Amino acid sequence: MTTTNRRGSALVLVLIASMFLIVLTAGAFRYFQTNVATQIWTRERVQAKLSAEAGLNLATHMLTAGASLPTDFIPQDFLGTQSVPMDLPGDLGSVYATIDPNNHNSSIIMANAFLIRCVANVSGSTLETYGMATIVMPQNLARFSVFMDNPDLEGYYGDGYRFDGPFYANGPVWVQSVDFTSNNDVFFYSFELTSDYYAYGPAKTDATTPAIGKLQMRPYNRLILGPPYFDLGVEPIPFGAAELDWEGVKNAAVSGGLSLGTAEVPSGSRLSLKGDTLFVMTAPLATPVAYPLGGLTNPVVWIDNSISEYFYLRGHQDQDQGLDMALTIGTIGSIYMSGPLFYRNPDPQDPDNENLLGLLSVQGNMIIADDPDSTQVEWGPEQFQICTDDTLSYSAVLLALEGVLRAEKHWEPIPVCEFQIIGGYMIQNEGYTGTGSAGFNMAVYFDPRLLYMHPPFFPTTANWNTTMWEDLPNLNANDVHDGPFPPY
């Protein structure tokens, strides 16, 4: 009896163990099967993402390399079609991409922006897709708060200078600080140089970080992150009269704007902007001539003079009499900035605000005029007088293709004041504007509208910028064709 029971118990234990092993084996098989499927799915997902990136890069390259630009407002097929995607080389799968022009591309003050959408398909045990989108546009130099093509190390940026937008130079610049605190150190929203260094201090030591010695560029916590905020050794950008299409500004003025010669604007004339009207006073005691600009087909003024000639330009002293339109003024010679210049609507966040001024000099300079000590009564109203003996604001995008930005007398006024540019300046080099204790510290308060807007017919470069890149994993062919985003 005892022997029989023991054998029965052993048999039961064997059966239980066998059932446990069967269940365990089935679970392990299911686990490994699921794991293999997951690896296959992950591999296909990664491949789909890489294929979408390849398709987007291919479409971007074709567009920027000279493909015919869409002129309509609706998305247009670019790589493949909604039903028949384009096969990529090798085992990269296939892609379908469209180009969607910005609805405002026809506006003469908007950047030519194009949204490219792309979805990639990878064939396997399952059909895996992945989507991406990017926005590209021609590079307009108006997007910089400061652009210098040929900087030298003769002058420096020091305490009190402020550049509240992208700062770019085709070479090294000199940066100083004399204060042991960083409260007033030079401010750069972003800092890009084609050189691998900038010069610091009296010895012009090569520096490669935002902080060195007494200097701690502001805002340090952002600049220390590196690219794109602090970036050295970047690609150069072509600049100059031979590189940019300044003739387009002149042609726009001749064909549908206002073109004036030296008979109407002799050298030394004083010009003033008020509302949508340009006033020209050619000599002391002369009667100002008014040129209404609001009805121009092309809101462009061209003043046809020579490299040695110049004129003064300022606005009305009252904000409510400021410039009330988008306008570009171009010339061959120099432009002297002779007083405050305001936009009637100064709010850059207002979506309907198109008050924007571009000033272009082909061969001359952009000069902060010296406020003369003698009386200016003979020039009549204040809007024709030179008023630069205090801190002042000048709302404009300044472009000197072959010239510099400087002060007529950089040792005046005393004490040092701030010359505030609401916009930015693009120049060959920056001349002297102050001494540290006299003259002007430059402060650029960037107009954020310039990221997607520019003054009328303002020159662009042959370079293109990618302003947005976004992963859209769930994008499908219908979305690519119709657009997953609201109108922009």
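Anything mentioned here points back to the structure above.
Figured I'd write up the structure that's included with this text.

Below, the discussion takes up unusual backbone geometry. Put simply, glutamate 412 and proline 413 share a cis peptide bond, and its omega is 0 degrees. The residue after isoleucine 414, namely proline 415, is reached through a cis peptide bond having omega 0 degrees. Assignment of secondary structure puts proline 415 in the loop between strand E27 (404–407) and strand E28 (417–427). Positioned with a positive phi, lysine 204 is a non-glycine residue whose angle comes to about 55 degrees. You can see lysine 204 is positioned in the loop between strand E11 (198–200) and strand E12 (205–207). On the accessibility criterion, lysine 204 (31% relative accessible area) is partly exposed. For leucine 285, which is not glycine, the phi dihedral falls at a positive 70 degrees. Checked against the element boundaries, leucine 285 lands in the loop between strand E18 (277–281) and strand E19 (289–292).

Strand-to-strand pairing in sheets goes through backbone hydrogen bonds, with the strands running parallel or antiparallel. Reading across the sheet, the four strands line up as E7-E9-E11-E12 and stay open at both edges, with mixed pairing between neighbours. Looking at which strands have only one partner, the edges of the open sheet turn out to be strand E7 (156–157) and E12.

Before going further, it helps to examine the pattern of salt bridges. According to the stated counting rule, one finds five salt bridges in the structure shown. Between lysine 409 and aspartate 370 there is a salt bridge, with the nearest N and O atoms lying 3.6 Å from each other. Taken together, the residues lysine 409 in the loop between E27 and E28 and aspartate 370 in the loop between strand E25 (366–368) and strand E26 (392–400) connect sequence positions 39 residues apart. The class for lysine 409 is partly exposed, based on a relative accessible area of 32%. On the basis of relative accessibility, which here comes to 14%, the residue aspartate 370 falls in the buried class. Two residues, aspartate 447 and arginine 449, come together in a salt bridge whose shortest N-O distance is 2.7 Å.

Thresholds applied
Residues numbered from 1 in each chain as written. Predicted model: local features only at pLDDT ≥ 70, side-chain atom pairs only at ≥ 80, totals over all residues. Heavy atoms only, no water. Helix = DSSP H or I, 4+ residues; strand = E, 2+ residues; numbered from the N terminus. Buried < 20%, exposed > 50% of the residue type's maximum accessible area, 1.4 Å probe, protein only. Pairing = 2+ DSSP bridges. Salt bridge = Lys/Arg side-chain N within 4 Å of Asp/Glu carboxyl O.

Interpretation note: all reported values are geometric properties and have no functional meaning in isolation.
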